[in-house]
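# Structural description and commentary
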Amino acid sequence: MVTLPASAADHVRPQRPKVEISKVQYDSPGREDRSQRSLNKEWVELTNTTRDRVNLDGWTLENSDGYTYTFHHYKLDGRATVRIHTGEGRDTRNDLYLDRRNYAWDNHSDSATLRTDRGRLVDEETWGRNRNHHGGGHHH
């Protein structure tokens, strides 16, 4: 039996999930009339870049105004992409819905921030005037 000194064991870190914000359609094509059709053309895509399924239960997707969507009982398959639509719809393996009646992502400047269930930053996509802002304004 081999025992490692505590200091060596402390440096062993679990593999971090490799999920990224792969694309954001923050400006819904066509007329922005708050119809479900228009709201659901606004979306954020997350892609799992590993072969392993990642449990997103408790993870959050947040805009710069503090609106937060929390994933419930959702696992993202390996090498899969899920699209999170702003409007209402029936959740499936490939499409999730925020069930909002208003747009979640600002067309001019905003950021989409993905965090684990423990609040660790996984990825952030920023556009517009917030582009040079590195999340310093986010407080919990």
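This text follows the structure it describes.
For the structure given in this document, a descriptive report is provided here. Starting from 1, residues in each chain are numbered consecutively following that chain's sequence as written. Selection of residues for local features in this predicted model requires a pLDDT of at least 70, selection of side-chain atom pairs for listing and counting requires 80 or more, and totals for whole chains, interfaces and linings are taken over all residues. The side-chain figures draw on all heavy atoms in the structure; neither hydrogens nor water molecules are used.

## Digging into the pairing of strand β10 (residues 121–127)
Short version of the rule: The pairing criterion is simple: DSSP has to find at least two bridges between the two strands. Helix and strand assignments come from DSSP, with helices taken as H or I runs of at least 4 residues and strands as E runs of at least 2, each series counted from the N terminus.
Relative to β10, strand β9 (residues 110–115) runs antiparallel, the two sharing six bridges. Looking at β10, one finds that Thr113 is bridged to Glu124. Between the antiparallel neighbours β9 and β10 lie five residues, among them Gly119 with a positive phi of about 85°.

## Description of the nonpolar core
Rule in force here: Put simply, buried Ala, Val, Leu, Ile, Met, Phe, Trp, Tyr and Cys residues joined by side-chain atoms within 4.5 Å make one nonpolar core. The buried label goes to any residue with under 20% of its type's maximum accessible area, the exposed label to any with over 50%, and the partly exposed label to all in between, with areas taken from a 1.4 Å probe on protein chains only. Any two residues having at least one pair of non-hydrogen atoms within 4.5 Å are treated as being in contact.
Residues Leu46, Leu56, Leu61, Phe71, Ile84 and Leu114 are the most contacted members of the largest nonpolar core, which totals 24 residues. When residues of this core are traced back to their parent elements, those giving at least two are β1 (19–25), β2 (43–48), β7 (81–85), β9 and β10. Of all the elements, β1 adds the most residues to this core, at three residues. Sequence-distant contacts of Leu46, that is, excluding residues within four places in its chain, are made with Val19, Glu20, Ile21, Ser22, Leu56, Phe71, Leu76, Ala80, Thr81, Val82, Ile84 and Leu114.

## Observations concerning the sheet that holds strand β4 (residues 60–62)
What counts here: Axis lines are fitted to C-alpha atoms, over the contacting stretch for helices. Their N-to-C directions set the angle, which ranges from 0 to 180 degrees.
Read across the sheet, four strands follow the order β5-β4-β9-β10 without closing on themselves; strand pairing throughout is antiparallel. Edge positions in the sheet fall to β5 (68–70) and β10, since each of these pairs with one other strand and no more. Within the sheet, the average angular offset between the axes of one strand and its neighbour, ignoring direction, is 15°.

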